[in-house]
Amino acid sequence: MMGPTHQRAHSLSLIRDSFVLYSLGGKRERGREMASRYCYKDALPFSAMVTAECTNVGLNILFKASSLKGLSYYVFVFYMYATSTLVLLPLAIVFRGTTGLPTFKLSLLSRIFLLGLLGFSGQVCAYKGIEYSSPTLASAISNLTPAFTFILAVIFRMENLALRCSITQAKIMGTIVSILGALVVVFYKGPTILSQSQPPFLSLHSPQGTSETQWVIGGLLLAASNLLFSGWYIVQTQVMEIYPAEIVVVFLYLLCATIISAPACLILEGNLSSWILRPDITLVAVIYSGFFGSSFNSVIHTWCLHLKGPVYVSIFKPLSIVIAAAMGVIFLGDALYLGSVIGAIILSIGFYGVIWAKAKEVLRQDYCCASLGSSSEHKTPLLDSYKFEDVE
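Just so it is clear, the structure is predicted and the values come from calculations on it, not from any experiment.

Topic: the overall build of the protein chain
Line of reasoning, step 1. Helix and strand counts for the protein chain come out as 13 helices and 2 strands.
Line of reasoning, step 2. A buried classification covers 42% of the 392 residues belonging to the protein chain.
Line of reasoning, step 3. A separation threshold of at least 6 residues defines the contact pool for the protein chain, and within that pool the share at least 24 residues apart is 91%.
Line of reasoning, step 4. Of the accessible surface of the protein chain, which amounts to about 21400 Å², a share of 69% is contributed by carbon and sulfur atoms.

Okay, here's the thing in structure tokens:
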């Protein structure tokens, strides 16, 4: 038999062993929790954004190929909105029925209708610009969006323009550099630095080629589309503050855009034979745009906006230039020009200047809110004591 001393020692040993096993189990549990959190917070958003940029560039490539086969961009825009609306309809019904959301008001519906009008106008300008130029130019010009958003925010007094503030100065300089880069990529084509000697994968050739005039017109249309999309982002921010339901808002936007585009595209494209889709690359482009265009990209971008913020989402924009250049050469046989490379580099520098300034502004606001919160926690009891002293 063990004496009391040995029993106590044996009990302490069992407790120690149990504590060690519990600690190891807790560490493994925390490790699995950290790994899952890293996957959800970092790895998954990164993969989703890269996929979204690839699908967006792929959509531009497919549209360019379809336009070379005779698909009207008016027909394409309408079918894209109609297909995306049908794709999101089941999700919108489920999401609307399972969440307690505010009722629709006239001000909200008018803003959503404005979203549809801006989105439709922007898409028409964008795809006409791609038809005149190339998907690479479209990806380069898309980096103007932060600069245009800043300009519109200043015009509508949503942004304070403190000229002596370093953040405002960085935004202004980034905007100017972005616009200069856009001017370079539009008005200076330059010599060819990369072209495909073999026939392109899709074996498509434009009957007339892309002239200098068409290139400039295409660049201006793409810049106008990004200006419209910048206004779309501002209105969308206001809509999300009133009605915080991403899937429902995207669905209603697509529905309004479909309603707007139906009569407009029928009037602008009066040839009824153009509305018949042939079972070739044009049908593939329309189906792809419905599933991976407006619907998929809108959901991915909205999810990443809520999870990581607008700065994280914007960082991936210049990636589309490289993807578009590679895919354009491989699939369409497009040539890569020196002006596009120089302009894209200048655009990216200005783009990251605006994004850096926005990131610093967000950090400053968070720091101020944290400081005010901590100071209020410390000061409120003292103020309350003064209040009670006055009452007494």
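Remarks on the packing of helix α6 (residues 166–187) against helix α7 (residues 212–242)
Relative orientation and spacing of two packed helices are given, respectively, by the angle between their axes and the distance between those axes.
Line of reasoning, step 1. The geometry of α6 relative to α7 is characterised by a closest axis approach of 8 Å and an angle of 150° between their N-to-C directions. With respect to each other, α6 and α7 are oriented roughly antiparallel. Together, Val185, Val186 and Phe187 of α6 and Trp215, Val216, Gly219 and Leu220 of α7 make up the contact between the two elements.
Line of reasoning, step 2. Here the residues of the contact of α6 with α7 are counted per class, giving 6 nonpolar, 1 polar and no charged.

What about the side chain of threonine 282?
Line of reasoning, step 1. Summarising the element assignment, threonine 282 is placed in helix α9 (residues 281–292).
Line of reasoning, step 2. Threonine 282 gets classed as buried once you look at its relative accessible area, which sits at 2%.
Line of reasoning, step 3. Reaching out from threonine 282, the side chain makes a polar contact with the backbone oxygen of arginine 278 at a distance of 3.3 Å.
Line of reasoning, step 4. Not counting residues within four places of it along the chain, the set of residues in contact with threonine 282 comprises Ser66, Lys69 and Leu71.

What counts, and at which threshold
Residues numbered from 1 in each chain as written. Predicted model: local features only at pLDDT ≥ 70, side-chain atom pairs only at ≥ 80, totals over all residues. Heavy atoms only, no water. Helix = DSSP H or I, 4+ residues; strand = E, 2+ residues; numbered from the N terminus. Buried < 20%, exposed > 50% of the residue type's maximum accessible area, 1.4 Å probe, protein only. Contact = heavy atoms within 4.5 Å. Areas by Shrake-Rupley, 256 points an atom, 1.4 Å probe, with all protein chains shown as cover. Axes fitted to C-alpha atoms, helices over the stretch in contact; angles between N-to-C directions. Parallel < 35°, antiparallel > 145°, perpendicular 65-115°, else oblique. Nonpolar A, V, L, I, M, F, W, Y, C, P; charged D, E, K, R; others polar. Polar contact = N/O pair within 3.5 Å; in protein donor to acceptor, adjacent residues only side chain to side chain.

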